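Next come the chains, spelled out residue by residue.
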Amino acid sequence: MKTKERIVRTTARLMQRQGYAATGLKQISQEAEATLGSVYHFFPGGKTELAIAAVRHGGREFADMLREILDREDDPAVAIAACADELAEGLRASQWLDGCPIVITALESTGRAPDIQRAAEEEFAIWRELVGAKLRRTGFPDDVSYELAHTVISTLEGAEMAAQVAESEEPLRIAGRHLARLIASYR
């Protein structure tokens, strides 16, 4: 893996676990096995520029997982329940450390770092569009697809946070089942 990619991946993982404020450039350089000079070379805008790259990286990782599940399952209700199950399993496997790859940073940036906040919102919009596109492909009207996609992503985000805090898969599994019922009710 190239140095720049190592730096971005390390930053994404650290911010996922401890947030933007608690993640320092020195820690990033040490854990990425890169010099501090390399961090500034690749990210002359400093921590903010690096945080934006990390948010985009985390957003792409989740989008890839979501896309794979949505493509794997014909029924969007089944796909969303499967997504919740996979999130629960991944969270448990990480010993409750690896929740949403961007939510902590997104919350910390609100009102403080508009560029980071905007990058996070753009990633959330990509996730909503993936869900909305699946719903439209399976016959849901545009307005219903739009609103259900918002509901799905918001519910999964909240359930993932609740599961992480409780150190339990239950909030995600319950959310997945209820989202599947909600989606099926529109058929």
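Sequence order sets the numbering: in each chain, residues are counted from 1 along the sequence as written. At least 70 in pLDDT is required for a residue's local features to be given in this predicted model, at least 80 for side-chain atom pairs to be given and counted, and no such filter applies to totals for whole chains, interfaces and linings, which use all residues. Side-chain measures here rest on the full set of heavy atoms in the structure, leaving out hydrogens and waters.

(A) Spatial organisation of empty space enclosed by the protein. Cavities and pockets were defined on a 1 Å grid built over protein atoms only: a cavity is a set of grid points that admits a 1.4 Å probe from which the probe cannot escape, a pocket is an open set flanked by protein on both sides within 12 Å along at least five of seven lines, and lining residues are those with an atom within 4 Å of any such point. Grid points are joined across faces, edges and corners, and a volume is the space filled by probe spheres set on the points. Following the criterion strictly, the structure yields one cavity of 30 Å³ or more and no others. Within this model, the largest cavity holds a volume of roughly 30 Å³. Considering the residues around the largest cavity, the lining is formed by Thr11, Met15, Tyr20, Thr23, Ile28, Lys47, Leu50 and Ala51. The helix count covers DSSP runs of H or I at least four residues long, the strand count covers runs of E at least two residues long, and both are numbered beginning at the N terminus. At the level of elements, α1 (3-18) and α4 (46-72) are the ones that each hand at least two residues to the lining of the largest cavity. Ranked by residue count, the leading element in the lining of the largest cavity is α4, at three residues.

(B) Summary view of the environment of Leu36. Secondary-structure assignment places Leu36 in helix α3 (residues 36-42). Residues Leu36 and Lys26, spaced ten residues apart in sequence, show a C-alpha to C-alpha distance of 6.5 Å. Note on contacts: a residue pair is in contact if any heavy atoms of the two residues lie within 4.5 Å. Setting aside anything within four residues of it in sequence, one finds Leu36 in contact with Leu25, Lys26 and Ser29.

(C) Focus on the nonpolar core. Counting 49 residues, the largest nonpolar core has Leu66, Trp127, Val131, Leu156, Leu172 and Ile183 as its most contacted members. Listed by contribution, the elements that provide at least two residues to this core are α1, α4, α5 (76-93), α7 (114-137), α8 (142-166) and α9 (170-185). Residue contributions to this core peak at ten residues, all from α5. Dropping the residues within four chain positions of it, Leu156 is found in contact with Cys83, Ala84, Leu87, Leu172 and Leu179. For the purposes of this section, nonpolar cores are sets of buried Ala, Val, Leu, Ile, Met, Phe, Trp, Tyr and Cys residues that join through side-chain atoms within 4.5 Å. The rule is simple: take the accessible area with a 1.4 Å probe, protein chains only, and divide by the maximum for that residue type; under 20% is buried, over 50% is exposed, in between is partly exposed.

(D) Up close: α5. For α5, with 18 residues, the first-to-last C-alpha span of 25 Å sits near the 26 Å given by 1.5 Å per residue. Along α5, the residues that are buried comprise Pro76, Ala77, Ala79, Ile80, Ala81, Ala82, Cys83, Ala84, Leu87, Ala88 and Leu91. Looking at the buried residues of α5, the elements they touch are α4, α7, α8 and α9. Polar contacts, as used here, are pairs of N or O atoms within 3.5 Å; protein pairs need one atom able to donate a hydrogen and one able to accept it. Residues neighboring in sequence count only if both atoms are side-chain atoms. A distance of 2.8 Å separates the backbone nitrogen of Ala77 from a side-chain oxygen at the start of α5, and that oxygen is part of Asp75. Of the residues one or two after α5, Gln95 is the one with positive phi, at around 60°. In this scheme, a helix's expected span is set at 1.5 Å multiplied by one less than its residue total.

(E) Here's a closer look at the side chain of Lys134. Along the chain, the position of Lys134 falls in helix α7. Positive residues here are Lys and Arg, negative ones are Asp and Glu, while His and the chain termini are left out of the count. Each reported salt bridge corresponds to a side-chain nitrogen of Lys or Arg within 4 Å of a carboxyl oxygen of Asp or Glu. Here Lys134 sits buried without a salt bridge, and the closest side chain of opposite charge, Asp74, lies 5.3 Å off (N-O distance).

(F) Quick look at the packing of aromatic side chains. Here the aromatic set is Phe, Tyr and Trp, taking the six-membered ring for Trp, and pairing holds for ring centres within 6.5 Å; pairs whose planes are under 30 degrees apart are stacked, those over 60 apart are edge-to-face, and all others are tilted. Tallied over the entire structure, the rule returns two aromatic pairs. Among the aromatic residues, those joined into a cluster by ring pairs are Phe62, Phe124 and Trp127. Note that Lys47 overlies the ring of Tyr20, its terminal NZ or CZ placed 4.4 Å from the centroid. Either the NZ atom of lysine or the CZ atom of arginine qualifies as a charge over a ring when it sits within 6 Å of the ring centre and within 35 degrees of the ring normal.

(G) Local environment of the layout of surface pockets. Approximately 380 Å³ is the volume attributed to the largest pocket. In this structure, the largest pocket is lined by 20 residues; those nearest its centre are Gln16, Glu61, Asp98, Gly99 and Pro101.

(H) Summary view of the pattern of salt bridges. What the rule picks out here adds up to 16 salt bridges. Across the salt bridge formed by Glu123 and Arg56, the nearest N and O atoms sit 3.3 Å from each other. Of this pair, Glu123 sits in helix α7 while Arg56 sits in helix α4; the two residues are 67 residues apart in sequence, bridging distant segments of the chain. Two residues, Arg173 and Asp85, come together in a salt bridge whose shortest N-O distance is 2.9 Å. Here Arg173, found in helix α9, pairs with Asp85, found in helix α5; they are 88 residues apart in sequence, far enough to count as distant. Look at Asp85 and you get partly exposed, because its relative accessible area is 26%.

(I) View of the packing of α5 against α9. In this description, a line fitted to the C-alpha atoms serves as the axis of each element, helices being fitted only across the stretch in contact, and the angle between N-to-C directions of two axes falls anywhere from 0 to 180 degrees. At a closest axis distance of 8 Å, the pairing of α5 and α9 adopts a crossing angle of 170°. As far as their axial angle goes, α9 and α5 are roughly antiparallel. Residue-level inspection shows Pro76, Ala77, Ile80, Ala81, Ala84, Asp85, Leu87, Ala88, Glu89 and Leu91 of α5 in contact with α9, the latter providing Leu172, Arg173, Gly176, Leu179, Ala180, Ile183 and Ala184. Roughly parallel here means an angle under 35 degrees, roughly antiparallel means over 145, roughly perpendicular means 65 to 115, and every remaining angle is called oblique.

Don't take any of this as a statement about function, it's just geometry.
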